[in-house]
Amino acid sequence: MTTRTHRPRRTALAVLAVVALLGAAACSDGGDDEATTEEGLEPVTVVLEWSPNTNHSGVYLAQAEGWYADAGLDVEVVEPGDAGSLQVLGSGQADVAFTVQEELVPARAEGVPAVGIGAVIEHNTSSLLSLAEDGISRPADLAGHRYGGFGGQLETELIERMVECDGGDPGEVEMTEVGEADYRLGLTRDQYDAVWIFDAWDGIRLGEVEGLDTETIPFTDHEDCIPDWYTPMLATSEEELDQRPEVLADFMEVTARGYREAMADPEASADALLAAVPDLDPDLVERSSEYLSTRYAEDPEQWGLMTEERWTDFVAFLVDAGLIEEPIDVDAAYTNELLPQG
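This is a predicted model, so every value here is computed, not measured.

## As for the nonpolar core
Within the largest apolar cluster, 44 residues are counted, with the highest numbers of intra-cluster contacts made by Val105, Leu128, Leu142, Leu158, Trp196, Phe219 and Trp311. Contributing elements (two or more residues each) for this core: helix H4 (85-90), helix H5 (101-109), strand E4 (114-119), helix H6 (153-165), strand E8 (194-198), strand E10 (233-237), helix H13 (308-320) and helix H14 (330-333). Ranked by size, the runner-up nonpolar core spans 43 residues in total, among them Val44, Tyr259, Val285 and Leu338.

## Digging into the confidence of the model for the chain
Close inspection of predicted coordinates is inappropriate for parts of the model with low pLDDT. Summarising the model, the chain shows a mean pLDDT of 91, and 89% of its residues fall at 70 or more. Across residues 1-33 the pLDDT falls below 50, and counting only partners more than four positions away or on other chains, this stretch makes 68 contacts in the model.

## Here we look at the side chain of Glu157
Assignment of secondary structure puts Glu157 in helix H6. Since its relative accessible area comes to 17%, Glu157 is described here as buried. In contact with Glu157, other than residues within four places in its own chain, are Phe317 and Ala321.

## Digging into H13
When the terminal C-alpha atoms of H13 are compared, their 18 Å separation across 13 residues agrees well with the 18 Å that a helix rising 1.5 Å per residue should span. Contacts from the buried residues of H13 go to H5, H6, E10 and H14. Positive backbone phi, at 80°, marks Gly322, one or two positions downstream of H13.

## A look at the packing of helix H2 (residues 57-64) against helix H11 (residues 266-276)
With their axes 8 Å apart at the nearest point, H2 and H11 run at an angle of 80° to one another. It follows that H2 is roughly perpendicular to H11 by the angle criterion. Residues Ser57, Tyr60, Leu61 and Ala64 of H2 touch H11, and the partners they reach there are Ala268, Ser269, Ala272, Leu273 and Ala276. Partitioned by chemical class, the residues of the contact of H2 with H11 number seven nonpolar, two polar and no charged.

## A few points about the sheet that holds E10
Note: strands within a sheet are paired through backbone hydrogen bonds, in either parallel or antiparallel orientation. Pairing in this open sheet of five strands is mixed, and the strands run E2-E1-E3-E10-E4 from one edge to the other. Taken across any chain shown, the strands that pair with only one partner, and hence form the sheet edges, are strand E2 (73-78) and E4. Along the sheet, successive strands turn relative to each other by an average axial angle of 30°, direction set aside. Alignment of E4 against E10, held across five bridges, turns out to be antiparallel. From the neighbouring strand, Ala114 faces E10, where its bridge partner is Ser237.

## Section: helix H8 (residues 199-209)
With eight of 11 residues buried, H8 is to be regarded as a mostly interior element. Burial in H8 covers these residues: Asp199, Ala200, Trp201, Asp202, Gly203, Ile204, Arg205 and Leu206. Of the residues one or two after H8, Gly211 is the one with positive phi, at around 75°.

Criteria and thresholds
- Within each chain, residues carry numbers counting from 1 in the order of the written sequence.
- With pLDDT at 70 or above as the cut-off, local features in this predicted model cover only qualifying residues; side-chain atom pairs require 80 or more to be listed or tallied, and sums for whole chains, interfaces and linings still use all residues.
- The side-chain quantities take in all heavy atoms of the structure and omit both hydrogens and water.
- By nonpolar core is meant a set of buried Ala, Val, Leu, Ile, Met, Phe, Trp, Tyr and Cys residues that side-chain atoms within 4.5 Å join together.
- Here the term buried applies to any residue with accessible area under 20% of the maximum for its type, exposed to any over 50%, and partly exposed to those in between, with areas from a 1.4 Å probe on protein chains only.
- Secondary structure elements are taken from DSSP: a helix is a run of H or I of four residues or more, a strand is a run of E of two residues or more, and numbering for both begins at the N terminus.
- pLDDT expresses how confident the predictor is about each individual residue, on a scale running from 0 to 100.
- Should any heavy atoms of two residues lie within 4.5 Å, those residues are considered in contact.
- What a helix should span is 1.5 Å times the count of its residues minus one.
- Lines are fitted to the C-alpha atoms to define the axes, a helix being fitted only along its stretch in contact, and any angle between axes, read from their N-to-C directions, falls within 0 to 180 degrees.
- For classification purposes, angles smaller than 35 degrees are called roughly parallel, those larger than 145 roughly antiparallel, those between 65 and 115 roughly perpendicular, and all remaining angles oblique.
- In this count, Pro and Cys sit with the nonpolar residues alongside Ala, Val, Leu, Ile, Met, Phe, Trp and Tyr, while Asp, Glu, Lys and Arg are called charged and the others, Gly among them, polar.
- At least two bridges found by DSSP between two strands are what make those strands a pair.

The following block contains the structure:
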């Protein structure tokens, strides 16, 4: 089973690298992306934001069923390696990227022409996870405990706001930088007491598959303190959007079909992902597919739609927290027009 089970929190340096690459790409001639294959299919390269997991099931399912080819598309899925997905997109090596709103917004604030084109999951499925024995059942309980994370500004701001909003003292939370760690070992060896996890993956892996007695604090239970935001989401570049809107619209139509089918038949989506990535844990994938089948979207026919309010609220949060200097142009940062219902 792959050990790369959670995403990194990108730093400001990573955003600046994206700026440089996208700036260079904007000066290029676009390469061979527009050429069709020998079969007459339009090539579309999709870069993941991390290693393959159930967030990506709609794409893998559509690919397994041959729906992309039926729509005239030759879709290739690649991993980003050590680079972020927006860097791969910006270098011209991908046409569509899985990314997260907490990375795309700061990137656009630095001039990166990346555009959100669809929400993969309708609401944030992040939580703080701890061992039940530590008694951390609400944000205020973090006072006097250690939070283990990547040390990013966003993490710090979220933790401090949640704790203070819940009546606790954020100054009593010890912030421990752990980087890319095995959370099970870190928690059970008492190296830290709480971590930020994604419920559909590490939440299920630690609590259900590996049998730890855990407690979680879902971010969406505290929207009076912090915003909801899109993580993960799909994005493209302004150049790609300008040059190949029809191809992107075809891609998003088939992708929406893939996620609708993943909602209706989570077993089929699990099978498609495992067939493409056989080293994943089948038990974890099956449980995660079932969990996400009710969370990709409340209404399957509305999968992918994003709201101006959600974008505006998240941007305002980042400005207020000092994570970006000025609000970005939200209208230019995302579009629903490539979605079937858009």
